[in-house]
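Residues per chain are reported as follows:
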Amino acid sequence: MLTSEHAAARWLAADLAARGMRHAVISPGSRNAPLVLALHHHPQIAVAVAVDERAAAHMALGMALRSGTPAAVVSTSGTAAVNFGPAIAEAFHQRVPLLALTADRPAGSIGRGHGQTVFQAGLFAAHTVFSATLDATELQESALRACIADAWEAATTHRGPVHLNVPFEEPLYGSVDAPCPEPAVAVPPAALSKQ
């Protein structure tokens, strides 16, 4: 299967799909290319495109409302991510399982005047049931995948939005032909059939 060469993006797509995520809405960008590649090429995930991040977040909110299952919305780095705020607040107050996936620049670029950088980690803390940064340069695979599992659990148990901020180093557009990673925790087929 063709996918992103960035492991964090591959694990996100594989583990979220294994848990039952079937819909993602993306907005064009550059820094989010690894997430876009991984989600687009995953056979169980339908990807929609919305040019405006605010609209994308509301589309994903609607998908999650309709299905009762978390849907993802994906942005590039910088102020693009901030536009998810209204939909995240709505999801929080309506108890809708929304997954906000924000691509970010590497930690060393933040706060140094680089373009398209804002303090994204914890950006939506007041209106999310779970928030974490998945930095593959700092965390081992097991810790990253445990965090993905925790995010899914929080979204589905507490019925609310989660925010996963994912920094990516360049190059961003590389892809590999690799088997779909096995999910960190298998989901029973009966659970998937209910979604």
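Here the structure is a predicted model, which is why all the values come from computation and not from measurement.

Concerning helix α6 (residues 141-157)
Piece 1. In a regular helix each residue adds 1.5 Å, so 17 residues correspond to 24 Å; α6 covers 24 Å between its end C-alpha atoms and thus fits that length.
Piece 2. Among the residues of α6, Leu144, Arg145, Cys147, Ile148, Ala149, Ala151, Trp152, Ala154 and Ala155 are the ones counted as buried.
Piece 3. Where α6 is buried, its residues contact α1 (7-19), β5 (98-104), β6 (130-133) and β7 (162-167).
Piece 4. Arg159 sits one or two residues past α6 and shows a positive phi near 50°.

Some thoughts on the pairing of β5
Piece 1. Burial analysis of β5 places 7 of its 7 residues in the buried class, which makes it a mostly covered element.
Piece 2. Sheet analysis places β5 next to β7, joined by 6 bridges and oriented parallel. Paired with Leu101 across the strands is Leu164, a residue of β7.

Digging into the pairing of strand β4 (residues 71-75)
Piece 1. The element β4 is largely enclosed, with a buried count of 5 among its 5 residues.
Piece 2. Neither face of β4 is left uncovered, since the one carrying Ala71, Val73 and Ser75 and the one carrying Ala72 and Val74 both have all their residues buried.
Piece 3. Direction of pairing for strand β2 (residues 23-26) relative to β4: parallel, over a ladder of 3 bridges. From the neighbouring strand, Ala24 faces β4, where its bridge partner is Ala72.
Piece 4. One ladder, built from 5 bridges, connects β4 with β5; its direction is parallel. Within β5, the position partnered with Val73 by the bridge is Ala100.

Some thoughts on the sheet that holds β6
Piece 1. Spatial strand order, β3-β2-β4-β5-β7-β6: 6 strands in an open sheet with parallel pairing. The open sheet has two edge strands with one neighbour each: β3 (46-49) and β6. Each adjacent strand pair in this sheet contributes to an overall mean axis angle of 20°, direction not counted.
Piece 2. Across 4 bridges, the pairing between β6 and β7 is parallel. When the sheet's bridge partners are listed, Thr133 is paired in β7 with Asn165.
Piece 3. Where helix α3 (residues 53-67) meets the sheet, it contacts β2, β3, β4 and β5, and its direction lies at approximately 170° from that of β4.

Overview of the pattern of salt bridges
Piece 1. Taken as a whole, this structure holds 3 salt bridges when the rule is applied.
Piece 2. Measuring nitrogen to oxygen at the nearest pair gives 2.8 Å for the salt bridge that ties Asp15 to Arg145. Of this pair, Asp15 sits in helix α1 while Arg145 is found in helix α6, placing the two residues 130 residues apart along the sequence.
Piece 3. What makes Arg145 buried here is its relative accessible area of 9%.
Piece 4. Where salt bridges share partners, they join Asp15, Glu141 and Arg145 into one cluster.

Here is what the cut-offs are and how they apply
- Residues numbered from 1 in each chain as written.
- Predicted model: local features only at pLDDT ≥ 70, side-chain atom pairs only at ≥ 80, totals over all residues.
- Heavy atoms only, no water.
- Helix = DSSP H or I, 4+ residues; strand = E, 2+ residues; numbered from the N terminus.
- Expected span 1.5 Å × (residues − 1).
- Buried < 20%, exposed > 50% of the residue type's maximum accessible area, 1.4 Å probe, protein only.
- Contact = heavy atoms within 4.5 Å.
- Pairing = 2+ DSSP bridges.
- Axes fitted to C-alpha atoms, helices over the stretch in contact; angles between N-to-C directions.
- Salt bridge = Lys/Arg side-chain N within 4 Å of Asp/Glu carboxyl O.

Functional significance is not addressed by these values, which are geometric in nature.
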